[in-house]
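Residues per chain, in single letters:
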Amino acid sequence: MSSASLKEMRNGGEDYSNGHGGGGVRDLYGEDCATEDQLITPWTFSVASGCSLLRDPRYNKGLAFTEGERDAHYLRGLLPPAIFNQELQEKRLMHNLRQYEVPLHRYMAMMDLQERNERLFYKLLINNVEELLPVVYTPTVGEACQKYGSIFRRPQGLYISLKEKGKILEVLKNWPEKSIQVIVVTDGERILGLGDLGCQGMGIPVGKLSLYTALGGVRPSSCLPITIDVGTNNEKLLNDEFYIGLKQKRATGQEYAELLEEFMHAVKQNYGEKVLIQFEDFANHNAFDLLEKYSSSHLVFNDDIQGTASVVLAGLLASLKLVGGTLVDHTFLFLGAGEAGTGIAELIALEISKQTKAPVEETRKKIWLVDSKVKMPGWFYSYFTFYSFFFPNLHNKLVLFQGLIVSSRLESLQQFKKPWAHEHEPVKSLLDAVKAIKPTVLIGSSGAGKTFTKEVVETMASLNEKPLILALSNPTSQSECTAEEAYTWSKGKAIFASGSPFDPVEYEGKLFVPGQANNAYIFPGFGLGLIISGAIRVRDEMLLAASEALAAQVSQENYDKGLIYPPFSNIRKISAHIAAKVAAKAYDLGLASHLPRPKDLVKYAESCMYSPGYRSYR
Ligand SMILES: NC(=O)C1=CN([C@@H]2O[C@H](COP(=O)(O)OP(=O)(O)OC[C@H]3O[C@@H](n4cnc5c(N)ncnc54)[C@H](OP(=O)(O)O)[C@@H]3O)[C@@H](O)[C@H]2O)C=CC1
Ligand SMILES: CC(=O)C(=O)O
Ligand SMILES: [Mg+2]
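Residues numbered from 1 in each chain as written. Chains lettered and ligands numbered in written order. Predicted model: local features only at pLDDT ≥ 70, side-chain atom pairs only at ≥ 80, totals over all residues. Heavy atoms only, no water.

This part takes up the UniProt feature "active site" (unreviewed entry) in the protein. In this numbering, the UniProt entry assigns the feature "active site" (unreviewed entry) to Tyr-137 and Lys-208. Across 72 residues, the annotated set stays spatially compact, with a maximum C-alpha separation of 7.5 Å. Along the polypeptide, Tyr-137 turns up in the loop between helix 7 (129-136) and helix 8 (140-146). On the accessibility criterion, Tyr-137 (6% relative accessible area) is buried. When neighbours within four sequence positions are excluded, Lys-208 is seen to be in contact with Tyr-137, Val-184, Gln-278, Glu-280, Asp-303, Asn-519 and Phe-523. (UniProt positions renumbered as here; feature names shortened; annotations may be inferred. Helix = DSSP H or I, 4+ residues; strand = E, 2+ residues; numbered from the N terminus. Buried < 20%, exposed > 50% of the residue type's maximum accessible area, 1.4 Å probe, protein only. Contact = heavy atoms within 4.5 Å.)

So, in structure tokens, the structure goes:
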């Protein structure tokens, strides 16, 4: 094609090369004067300099560009004269962030920063992890997902919807990065304890992957957040004009399975055998099946089932220093028998079996679960979700439907609950279950807030010198109880940790520091361990190894404060230790492909970690 005709084409058929576009500014490519039905070409440059360098979040350094870089990269005049180093930029941004009183505004400011200057974003997150984790992760990410449609600015991650059926490989190829090591994927059906948020669940893979980088040191460019949009059953979203996803009811059955199958196949075809696929916040009716189906053919990990199990087991192992005895001496009661509940229960049973050599069928008998017993039809949940948005305490009414999982219910139970149907007469409520089972450990994994009532906590305290109470449900609004409730109702006896963070509590002149039992302790280091060993499959032994590694990081100083998890401020060191143990297990099991095996796996893990300091540009 001649340059003249190319010019004509760009200009929608007219030659403006010697003229001017609107406002006297030359419209070289006819982009300004093109009408809606005329086509223009989205031109870009291949080497970033000038404005395009400032707009590239991977390379942009803002005011930290040096004099030399400003000359060499055509930045003169595009920046004010001052030069700030990264530390000063960090100080300024933290100061600005602290001015926002609304957590969602902090979240939006952090997302803007991530899209503007990636290294500065990670620098901030790594150096201020305890302050910023609740902003980019639970609880604020929950609100962000609920309002994703209205706060949406620039797309993050990859959206694969039913519209892309048959073309998923092409969609993956649209992603600009070619060397992907970790994918976090959701279909948005069980976002934290907030239910079906459809396509707006994208905040979760984005948030989880930013933790992969900040806490686990995985390079941001090798992380890919994906949301699979098969519709939503959330009426509120379906009626919301700002909803960003497919406005249709969820696809199920064969249609769903085929899309997922195509996705899994395309991922392997595009990125190879060793890309880690982390399933996140799928509803349990899909999560267990997907994990089982793909765990023998892909490197898959379900964070809600496996990551949560590993972090809770770590807390239990650590808590033995405070409560005494070994795991087998304890009795465990769960409120919630879904992904988190049964996943944790199974890993505890495996660990006890490993320690005592008793068969896992036996060790499961120390573990009891309560669920919501009565199965509701889909329409009930739709209405329930809709109304509970306006009446947040409505979920308390669900207590009417609670029930201990016992053998007389076996026939009607979902497959993943069946191993927990022990011999016992039916028990109707959590309180009655606590009285009947007399647990030493109470774990909330129901997604239903305020379900550890005063009576429940008081009964736990009357049964135990130091009851261990874990309120895992996220975000904070769904927590089974608050830290303050756990400490005051138990009269300071409880050892407490929660999925979303709570501030320390003063009770009768003593300061109680609650821990955060969140899978964020595990998945970044776990994933790093898989990556550095080139593991090709995930095994339960790796989860146990990760738990032991995390428990070993709790110091005497932490125990003295009643903590069963180490502080997040040390998380990179913790992740390196977890990664090393997971990698070691991969080598021992013959599942590692990165050979030869590094001698010092902790040092090796540390050396592989991404660091967010600026680089100098030639
Ligand atoms: N801290 C952490 O790291 C993690 C926390 N979580 C949190 O755990 C919660 C649950 O997640 P997940 O297990 O995946 O969800 P699931 O939907 O798989 O399981 C929820 C379980 O809770 C039961 N349940 C719900 N409401 C009640 C109630 N009022 N009384 C008794 N049982 C109830 C359900 O009963 P039924 O089976 O009868 O429907 C189901 O067994 C979420 O809030 C999530 O955010 C999850 C993963 C990690
Ligand atoms: C923490 C987490 O994975 C969840 O609440 O789903
Ligand atoms: Mg999750």
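Right, let's get into the sheet that holds strand 1 (residues 158-161). Where strands meet in a sheet, backbone hydrogen bonds hold them as pairs that are either parallel or antiparallel. One open sheet accounts for five strands, arranged 1-3-2-4-5; its pairing is parallel. Every interior strand has two partners, whereas the edge strands, strand 1 and strand 5 (300-302), have only one. Going across the sheet, the axis of each strand differs from the next one's by a mean of 25°, ignoring polarity. With four bridges connecting them, strand 2 (residues 182-186) and strand 4 (residues 276-279) associate as parallel partners. The partner of Val-184 across the bridge, within strand 4, is Gln-278. Sheet contacts for helix 11 (residues 203-214): strand 2, strand 3 (223-229) and strand 4; angle to strand 3, the most-contacted strand, approximately 165°. Here helix 22 (residues 523-533) sits on the sheet and contacts strand 2, strand 4 and strand 5; the angle it forms with strand 4, its principal contact strand, is near 155°. (Pairing = 2+ DSSP bridges. Axes fitted to C-alpha atoms, helices over the stretch in contact; angles between N-to-C directions.)

This next bit is on the environment of Ala-552. With respect to the secondary-structure elements, Ala-552 resides in the loop between helix 23 (540-551) and helix 24 (556-560). Residue class for Ala-552 comes out exposed when judged on its relative accessible area of 59%.

Further remarks concern the coordination of the magnesium ion (ligand 3). Donor atoms from the polypeptide that bind the magnesium ion (ligand 3) are Glu-280 (OE), Asp-281 (OD) and Asp-304 (OD), placed at 2.1 Å. In terms of primary sequence, the donors binding the magnesium ion (ligand 3) are separated according to E-D-x22-D. Accessibility expressed as a relative area gives 1% for Glu-280, which makes it buried. For Asp-281, a relative accessible area of 2% corresponds to the buried category. (Donors = N, O, S within 2.8 Å, 3.2 Å for Na, K, Ca; no water.)

Within the structure, ligand 2 sits among Tyr-137, Arg-190, Leu-192, Lys-208, Glu-280, Asp-281, Asp-303, Asp-304, Asn-474, Asn-518 and Asn-519. Within the contact set of ligand 2, an oxygen atom lies 3.0 Å away from a side-chain nitrogen or oxygen of Glu-280. Between ligand 2 and the protein, one listed contact pairs an oxygen atom with a side-chain N or O atom of Asp-304 at 3.0 Å. Grouping the constituent residues of the shell around ligand 2 by class yields two nonpolar, three polar and six charged. (Near = heavy atom within 4 Å. Polar contact = N/O pair within 3.5 Å; in protein donor to acceptor, adjacent residues only side chain to side chain. Nonpolar A, V, L, I, M, F, W, Y, C, P; charged D, E, K, R; others polar.)

This part takes up the pairing of strand 7 (residues 367-371). Across the five residues of strand 7, five count as buried, placing the element largely inside the fold. Alternating residues of strand 7 divide into Ile-367, Leu-369 and Asp-371 and Trp-368 and Val-370, and every residue in both groups is buried. Strand direction decides the pairing type here: strand 6 (residues 332-335) and strand 7, joined by four bridges, are parallel. Opposite Phe-332, over in strand 7, you have Ile-367 as the bridge partner.

Okay, the pattern of salt bridges next. What the rule picks out here adds up to 29 salt bridges. In this structure, the salt-bridge partner of Arg-250 is Asp-196, at a minimum N-O distance of 2.8 Å. Of this pair, Arg-250 sits in the loop between helix 12 (235-238) and helix 13 (253-271) while Asp-196 sits in the loop between strand 2 and helix 11, placing them 54 residues apart in sequence. Neither residue differs from the other here; Arg-250 and Asp-196 are each classed as buried. Residue Asp-588 pairs with Arg-597 through a salt bridge whose shortest N-O separation is 3.0 Å. (Salt bridge = Lys/Arg side-chain N within 4 Å of Asp/Glu carboxyl O.)

Applying the stated rule across the entire model yields two cavities of 30 Å³ or more. If you trace the largest cavity, you find it lined by Tyr-107, Met-108, Met-111, Asp-112, Glu-115, Tyr-148, Ile-151, Phe-152, Arg-153, Arg-154 and Gln-156. Put simply, the parts of the chain that give the lining of the largest cavity at least two residues each are helix 5 (103-116) and helix 9 (148-151). The leading source of residues in the lining of the largest cavity is helix 5, at five residues. Considering only residue class, the lining of the largest cavity consists of six nonpolar, one polar and four charged. (1 Å grid on protein atoms, 1.4 Å probe; cavity = no way out; pocket = protein on both sides within 12 Å on 5 of 7 lines; lining within 4 Å. Points joined across faces, edges and corners; volume = space filled by probe spheres on them.)

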